[in-house]
Amino acid sequence: MGNITIRMNDDLKARVNQTLDAIGMNFNTYVTMASIQLVNQQRLPFGTSVRTAEPNEQTKRAMLEAASKDRYRYRSIKAMFKPEFRRR
């Protein structure tokens, strides 16, 4: 097994490690995975992203649309299935 030395700006290094920590991965594992994918796919493997607590724009729009729809609320699950309360 060989060793690789990488020169990287200290700020970038800190941000990379912070991102990898959020994913639950260390830098060595990331470089190994990226290298394997580069060889297997014959292209740069940049499809992975970090999940954020903030929903993306498409999700925000869907949430607003769902909240704006008129919905009938039932008092109980039993009431929802009574024929006189079914919506037509």
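Whatever comes next refers back to the structure up there.
Heads up: these notes are all about the structure in this document. Everything numeric in this text was worked out from a predicted model, so none of it was measured.

A short note on the overall build of the protein chain
Then, in step 1: Check the secondary structure of the protein chain and you find four helices and zero strands.
Then, in step 2: Mapped from its N terminus to its C terminus, the protein chain presents α and β elements in the order α-α-α-α.
Then, in step 3: Of the roughly 8,800 Å² of accessible surface on the protein chain, 53% is carried by carbon and sulfur atoms.

Digging into helix H2 (residues 27-41)
Given 3.6 residues to a turn, an α-helix orients residues that are three or four positions apart in the same direction.
Then, in step 1: The terminal C-alpha atoms of H2, which comprises 15 residues, lie 21 Å apart, in line with the 21 Å expected from a rise of 1.5 Å per residue.
Then, in step 2: Between the side-chain oxygen at the start of H2 and the backbone nitrogen of Asn28 there is a gap of 3.2 Å, and the oxygen is on Asn26.

Looking at helix H1 (residues 10-23)
Then, in step 1: The terminal C-alpha atoms of H1, which comprises 14 residues, lie 20 Å apart, in line with the 20 Å expected from a rise of 1.5 Å per residue.
Then, in step 2: Capping of H1 at its N-terminal end is provided by Asn9; its side-chain oxygen lies 2.7 Å from the backbone amide nitrogen of Asp11.
Then, in step 3: Once H1 finishes, Gly24 follows within two positions and takes phi at roughly 90°, a positive value.

Remarks on unusual backbone geometry
Then, in step 1: The phi torsion at Gln42 lies on the positive side, around 60°, for a residue other than glycine.
Then, in step 2: Examined against the element boundaries, Gln42 turns out to sit in the loop between H2 and helix H3 (57-68).

What counts, and where the lines are drawn
Here the residue numbers are simple positions, counted from 1 along each chain's written sequence. Totals for whole chains, interfaces and linings use every residue, but because this is a predicted model, local features are given only for residues with pLDDT of at least 70 and side-chain atom pairs only at 80 or more, for both listing and counting. Calculated side-chain values reflect all of the structure's heavy atoms, with hydrogen atoms and water omitted. A run of DSSP states H or I qualifies as a helix once it reaches four residues; a run of E qualifies as a strand once it reaches two. Both are numbered from the N-terminal end. Every accessible area reported is derived by Shrake-Rupley at a probe size of 1.4 Å, with residue values counting cover from the shown protein chains alone. Any helix carries an expected span of 1.5 Å times its number of residues minus one. What qualifies as a polar contact is a pair of N or O atoms within 3.5 Å, subject to a donor-acceptor requirement within protein and to the restriction that residues adjacent in sequence count only when both atoms come from side chains.

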